[in-house]
Amino acid sequence: MKNIKKIGFILVASALSFASCTKDLDINRSPYNPVENDASPELLFPSGVAYSAAKIGGDLQLMGAMWSQHYTQNNSSNQYTGIDSYNLTISSYNGIWSNLMGGGMKDLLISKEKAATAGLWNFYAASGIMLAFDYHVLVDLYGDLPVTEGLQGDKGIYTPKWDDGKTVNKLIVEQLDDAISKIESGKPLKSMGAQDFLFDGDLDNWHKFANTLKLKVLMRDFTANTAAITSLLNGGNLLDTDAKMTAFLDAVNKSNPLFESDRRALNTFANLRASKTLLSYLQKNNDPRIEDFFELTTEQGKPAIYAGLRQGDYNASTTDYPPGSTSRAKLGATDAVYFMSYAESEFLQAEAWARLNNAGKAKIHYDLAVSAAFSRWSKSATTLIAGGVYEFKAGTVEKMIEQIITQKWVAATRCQAWDSFYDQNRTGYPVMSTLDSDDPAYIPGQYTRSITSVLIGQEIPRRLPYPKISSDNNANTPKAVAINAKMWWHKQ
């Protein structure tokens, strides 16, 4: 119960900062200032995980869902217009930075250091893996990151240098290898039990999580890392369960962070609507998960159906789209926050085998991935993947990758939308259409230009601007970069 109360405090801070137009509260901690913390790893580790869940399952899940064109802003409210129009600045969503770097990641680093001193190698390994995961999320969001000298305010480093993205990924892999070595040391490691929100203390699952995250990071530069990737694939010790946090209650300040901020904290609960991009794809393929992702319309005097709004069309008149005429996104108070799912693990393996041009193994893991994505919602994918519309078809490497990433994009709905945002930038799938989603020739599931986009042409977001809260405190923060500037690992 104490852990649940601690989660509630952290999540409400996240929700309030989220609901108040992204203005940060005093709960946010600067990663550049010293943090006095006498707590033990048994408290610091779950705190770090909870902080991470608050932002990854809140702000990032929302942003990812809109930039992945799962959801769009309702036309009769305006909470998320900045995200939907891609009109974000260095002052937007600084809480992601301060709550992760200054909050969760600082707790995880201190937990790791204290665990090393005390010989608590279970907490050392898990803290290191979770810290590596958070670094991965942030470097993919910003492009560069202060890792080598970061989080060292208590050691007198107040203005750390920023490392480039390739260097950060190398450091992430080294950190994962270090954690894995502790798990594989041969010494029996005591279970962390209830202090572990992801795996209930199961170090074997933390080992698999670390291997799978390592595979994911290495695949940012597949050609350079082919040998290491092949070794991980053949090793087989990859995630076969969900790395997720489920300790949420249907109660104020204790629920899923996106539900808390969107459904409890706002003065309207109608913001998130079905984007026609995703909805049209589900409808075209008679995908039964549509009922898990969206609600039926509630327009007075009209039959209840599934209906979407064009991406970014929040200025559409209420004459054309009356209240309740489009489907609201389904969110649950007890929805888990996923860091990495079993489905993602299988999708990663399918993609890796496809890039190695092994269609047979790609199909095996694709089928497992799609099946896992359906099972999450108590659905069966059997008829769809066995001769149905989602059947895997061998072909060119690019055609195989497109099938895999398209299904991964759908699977990320209400789960890991931030990751599908990364995937589209990395692979180019789903592809960008030159047509409006209302055009009869439009192909369902292809990205469309946001109706209210502030970017030129078919450009879409690639990153967040370096946060003002960092540049205000650290002169080494990189200079401003456009939100649509591609990173080194993005598809060119």
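The sections below set out a description of the structure shown in this document. (Residues numbered from 1 in each chain as written. Predicted model: local features only at pLDDT ≥ 70, side-chain atom pairs only at ≥ 80, totals over all residues. Heavy atoms only, no water.)

## A look at the overall build of the protein chain
Our working rule: Helix and strand definitions follow DSSP, with helices as H or I runs of at least four residues and strands as E runs of at least two, each counted in order from the N terminus. When we talk radius of gyration, it's over C-alpha atoms, and the globule rule is simply 2.2 Å times the number of residues to the 0.38. Relative accessibility under 20% of the residue-type maximum defines a buried residue, over 50% an exposed one, and the middle range a partly exposed one, all with a 1.4 Å probe and only protein chains included. Under the counting rule used here, the positive set is Lys and Arg, the negative set is Asp and Glu, and His together with the chain ends is not counted. Think of each charge as sitting on NZ of Lys, CZ of Arg, CG of Asp or CD of Glu.
The helix and strand inventory of the protein chain stands at 18 helices and 4 strands. The C-alpha radius of gyration computed for the protein chain amounts to 22 Å, which stays within 12% of the reference 23 Å derived for 492 residues, consistent with globular compactness. Each of the three principal axes of the protein chain carries a C-alpha extent, and together these read 65 × 50 × 45 Å. For the protein chain, the residues scored as buried account for 61% of the 492 residues in total. Distance from the positive charge centre (49 side chains) to the negative charge centre (52 side chains) of the protein chain: 0 Å.

## A closer look at the packing of aromatic side chains
To describe a pair of aromatic rings, you give the distance between the ring centres and the angle between the ring planes. Heads up, the rule is: Any two rings among Phe, Tyr and Trp, with Trp reduced to its six-membered ring, count as a pair given centres within 6.5 Å; such a pair is stacked if its planes are under 30 degrees apart, edge-to-face if over 60, and tilted if neither. The rule for a charge over a ring is simple: NZ of Lys or CZ of Arg within 6 Å of the ring centre, and within 35 degrees of the ring normal.
Inspection of the entire model under this criterion finds 25 aromatic pairs. Seen from their ring centres, tyrosine 281 and tyrosine 390 are 6.2 Å apart, and the 5° between their planes marks the pair as stacked. With tyrosine 281 in helix α11 (residues 276-284) and tyrosine 390 in the loop between α15 (382-385) and α16 (397-411), this residue pair connects regions lying 109 residues apart in the sequence. Take tyrosine 281: its relative accessible area is 11%, and that puts it in the buried class. Geometry around tryptophan 121 places lysine 182 over its ring, the cationic atom sitting 5.3 Å from the centre. The lysine or arginine in question, arginine 220, covers the ring of tryptophan 489, its NZ or CZ lying 4.5 Å from the ring centre.

## Quick word on the pattern of salt bridges
In plain terms, the rule: Salt bridges are counted wherever a side-chain nitrogen of Lys or Arg sits within 4 Å of a carboxyl oxygen of Asp or Glu.
Here the structure, examined in full by the defined rule, presents 34 salt bridges. Between lysine 408 and aspartate 423 there is a salt bridge whose closest N-O contact spans 2.9 Å. Here lysine 408 is found in helix α16, whereas its partner aspartate 423 is found in helix α17 (residues 417-427), with 15 residues between them in sequence. Just as lysine 408 is buried, aspartate 423 falls in that class too. Connected through shared salt-bridge partners, Lys216, Glu344, Glu351, Arg355, Lys408, Asp419, Asp423 and Arg426 make up one network.

## Remarks on the environment of leucine 151
How we decide: Residue contacts follow a heavy-atom distance rule, with two residues in contact if any of their heavy atoms lie within 4.5 Å.
Examined against the element boundaries, leucine 151 turns out to sit in the loop between α6 (121-142) and α7 (165-183). Sequence separation between leucine 151 and aspartate 107 is 44 residues, and the spatial gap between their C-alpha atoms is 9.9 Å. With sequence-adjacent residues up to four places away left out, leucine 151 is seen in contact with Pro31, Met101, Met105, Lys106, Leu109, Leu131 and Tyr135.

## Topic: unusual backbone geometry
Here tyrosine 429 and proline 430 are connected by a cis peptide whose omega angle stands at -5°. Looking at the secondary structure, you find proline 430 in the loop between α17 and α18 (468-471). You will see that aspartate 200, though not glycine, has its phi angle at about 50°, which is positive. Examined against the element boundaries, aspartate 200 turns out to sit in the loop between α7 and α8 (203-218). We note that arginine 414 has phi near 55°; this positive angle belongs to a residue other than glycine.

## Things to note about the packing of helix α3 (residues 59-67) against α17
We apply this condition: Between the N-to-C directions of two axes lies an angle of 0 to 180 degrees, each axis being a line fitted to C-alpha atoms and, for a helix, fitted only over the stretch in contact. Any angle that falls under 35 degrees is termed roughly parallel, while one over 145 is termed roughly antiparallel, one within 65 to 115 roughly perpendicular, and all others oblique. It is the rotation of the near helix from the far one that decides the hand of a crossing: anticlockwise by less than a right angle makes it left-handed, clockwise makes it right-handed.
In the contact formed by α3 and α17, the axes pass within 6 Å of each other and the chain directions differ by 45°. Accordingly, the angle class assigned to the pair α3 and α17 is oblique. The crossing of α3 and α17 is left-handed. Of the residues in α17, those touching α3 at Leu60, Gln61, Gly64, Ala65 and Trp67 are Ala417, Trp418 and Phe421.

## Examining the side chain of asparagine 122
Looking at where asparagine 122 falls in the secondary structure, it is placed in helix α6. Contact partners of asparagine 122, with chain neighbours within four places excluded, come to Leu189, Lys190, Ser191, Met192 and Leu203.

## Quick look at the side chain of aspartate 242
Quick note on the threshold: Counting of polar contacts relies on pairs of N or O atoms within 3.5 Å, with two restrictions inside protein: one atom must be capable of donating a hydrogen and the other of accepting it, and residues adjacent in sequence are counted only when both atoms are side-chain atoms.
Position of aspartate 242 among the secondary structure elements: in the loop between α9 (226-235) and β2 (243-245). Within polar-contact distance, the side chain of aspartate 242 engages the backbone nitrogen of tyrosine 342 at 2.8 Å. Sequence-distant contacts of aspartate 242, that is, excluding residues within four places in its chain, are made with Leu198, Phe199, Tyr338, Met340, Ser341 and Tyr342.

## Here we look at the nonpolar core
The nonpolar side chains of a soluble globular protein tend to be buried, and buried together. Rules: The nonpolar core is taken to be a set of buried Ala, Val, Leu, Ile, Met, Phe, Trp, Tyr and Cys residues, with the residues joined through side-chain atoms within 4.5 Å.
If you look at the biggest cluster of nonpolar residues, it comprises 132 residues, and the most contacted ones within it are Ile96, Leu198, Trp206, Phe209 and Phe339. A total of 15 residues in this core trace back to one element, the largest contributor, which is α6. Not counting residues up to four positions away in its chain, the partners in contact with leucine 198 are Val49, Met130, Trp206, Phe209, Asp242, Ala243, Lys244 and Phe339.

## Some words on the packing of α6 against α17
The interhelical angle for the contact between α6 and α17, taken along N-to-C directions, is 50°, at an axis separation of 11 Å. By the angle class used here, α6 and α17 are oblique. Seen from above, α6 lies across α17 with left-handed handedness. For the pair α6 and α17, the contacting residues are Phe133, His136, Val137, Asp140 and Leu141 in the first and Trp418, Phe421 and Tyr422 in the second.

## Points about the environment of lysine 106
With respect to the helices and strands, the residue lysine 106 is situated in helix α5 (residues 94-118). By relative accessible area, which is 2% here, lysine 106 ends up buried.

## Observations regarding α7
Inclusion rule: Multiplying 1.5 Å by the residue count of a helix minus one yields the expected span of that helix. In this context, the arc is that of the directions from the helix axis out to the C-beta atoms.
Relative to the 27 Å expected for 19 residues at 1.5 Å per residue, α7 spans 27 Å between its end C-alpha atoms, a close match to the ideal helical length. Among the residues making up α7, those that are buried are Gly165, Val168, Asn169, Ile172, Val173, Gln175, Leu176, Ala179, Ile180 and Ile183. Along the axis of α7, the buried positions cluster into a sector of 160°, meaning they face one direction only. Next to the buried residues of α7 lie α5, α6 and α8. For α7, the N-terminal cap is aspartate 164; the gap from its side-chain oxygen to the backbone nitrogen of lysine 166 is 3.1 Å.

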